[in-house]
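Observations on the three-dimensional arrangement
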Amino acid sequence: VRGDALAGSVVEACAGAVGEALAGLANAIDPDVVVLAGGIAQAGTAWESPVRAAFAAGLMPALAGLKVVVSDGGTETALRGAARFAARHSEARRTR
């Protein structure tokens, strides 16, 4: 993205949209924390800063202190979460 203005503006716009969507979801479910994870979360400040800015701008005042953290789980975070979900779902079906 460095040195490419068009790529930078696309990243910023997409990251802003992600931040807005996360804020809307947070407003609806009132989480304790929002965790940015997976490969895109490792993209650095060019992505993270617009996400955080749009997120903060979209939050209801009551959630203004909501914490956003970046997972250090790497690119396989989603796979681990999916595996955990599948294991729990499979176990629940066996106990019925």
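Notes on the structure in this doc start here. These figures come from a predicted structure and were not determined experimentally.

**A short note on the overall build of the chain**
Regarding its fold elements, the chain presents 3 helices and 2 strands. The order of α-helices and β-strands along the chain, N terminus first, is α-β-α-β-α. Relative to its length of 96 residues, the chain is extended, with a C-alpha radius of gyration of 16 Å against a globular reference of 12 Å. Oriented by its inertia axes, the alpha-carbon framework of the chain measures out at about 55 × 35 × 20 Å. When each of the 96 residues of the chain is scored for burial, the buried share is 24%. For the chain, restricting intrachain contacts to residue pairs at least 6 apart in sequence, the fraction spanning at least 24 positions comes to 75%.

**A word on the pairing of strand β1 (residues 33–36)**
Because side chains alternate across β1, one face comprises the buried residues V34 and L36, and the other comprises V33 and V35, none of which is buried. Across 4 bridges, β1 lies against strand β2 (residues 67–70) in parallel orientation. From the neighbouring strand, L36 faces β2, where its bridge partner is V70. Tracing the backbone out of β1, into helix α2 (residues 45–58) and back to the parallel element β2 gives a crossover that is right-handed.

**Examining the pattern of salt bridges**
Under the defined criterion, the tally for this structure stands at 2 salt bridges. Its salt-bridge partner being E48, residue R52 comes within 2.7 Å of it at the nearest N-O pair. Here E48 and R52 lie together in helix α2, a separation of 4 residues that amounts to about one turn. For R52, a relative accessible area of 31% corresponds to the partly exposed category. Residues E76 and R80 are paired through a salt bridge, measuring 4.0 Å at the closest nitrogen-oxygen approach. We classify E76 as partly exposed; its relative accessible area is 47%.

**Focus on α2**
Compared with the 20 Å implied by 1.5 Å per residue over 14 residues, the 19 Å span of α2 between its first and last C-alpha is a close match. Looking only at α2, the buried set comprises W47, E48, P50, V51, A54 and F55. In this fold, the buried residues of α2 make contact with α1 (5–29), β1 and β2.

**Some remarks on the nonpolar core**
Grouped together as the largest cluster of nonpolar side chains are 13 residues, with contacts concentrated most on L36, F55, L59 and L66. Those elements that place two or more of their residues in this core are α1, β1 and α2. Apart from residues no more than four positions distant in its own chain, L36 is found in contact with L22, A41, W47, V51, V68, V69, V70 and S71.

**Notes on the side chain of S71**
When you line up the elements, S71 lands in the loop between β2 and α3 (77–94). By relative accessible area, S71 is classed as buried at 17%. At 2.9 Å, the side chain of S71 forms a polar contact with the backbone nitrogen of G73. Residues within four places of S71 in sequence aside, it is in contact with V35, L36, A37, Q42 and T77.

Parameters and conventions
Sequence positions are assigned chain by chain, starting from 1 and proceeding in written order. Selection of residues for local features in this predicted model requires a pLDDT of at least 70, selection of side-chain atom pairs for listing and counting requires 80 or more, and totals for whole chains, interfaces and linings are taken over all residues. To obtain the side-chain values, all non-hydrogen atoms of the structure were used and water was disregarded. Numbering of helices and strands starts at the N terminus; helices are DSSP runs of H or I of at least 4 residues and strands are runs of E of at least 2. The globule rule used for comparison is 2.2 Å times the number of residues to the exponent 0.38, while the radius of gyration itself is calculated over C-alpha atoms. To sort residues, take the accessible area from a 1.4 Å probe on protein chains only and compare it with the maximum for the residue type: under 20% means buried, over 50% means exposed, and anything in between is partly exposed. Residues count as neighbours in contact if any of their non-hydrogen atoms are within 4.5 Å of one another. A pair of strands is labelled paired if DSSP reports no fewer than 2 bridges between them. Note on handedness: a crossover is taken as right-handed if, strands pointing away from the viewer, the path from the first strand over the helix to the second is clockwise. What counts as a salt bridge is simple: a side-chain nitrogen of Lys or Arg found within 4 Å of a carboxyl oxygen of Asp or Glu. Any helix carries an expected span of 1.5 Å times its number of residues minus one. Throughout this description, the term nonpolar core refers to a set of buried Ala, Val, Leu, Ile, Met, Phe, Trp, Tyr and Cys residues connected via side-chain atoms within 4.5 Å. In protein, a polar contact requires one atom able to donate a hydrogen and another able to accept it; more generally it is a pair of N or O atoms within 3.5 Å, and residues adjacent in sequence count only if both atoms are side-chain atoms.

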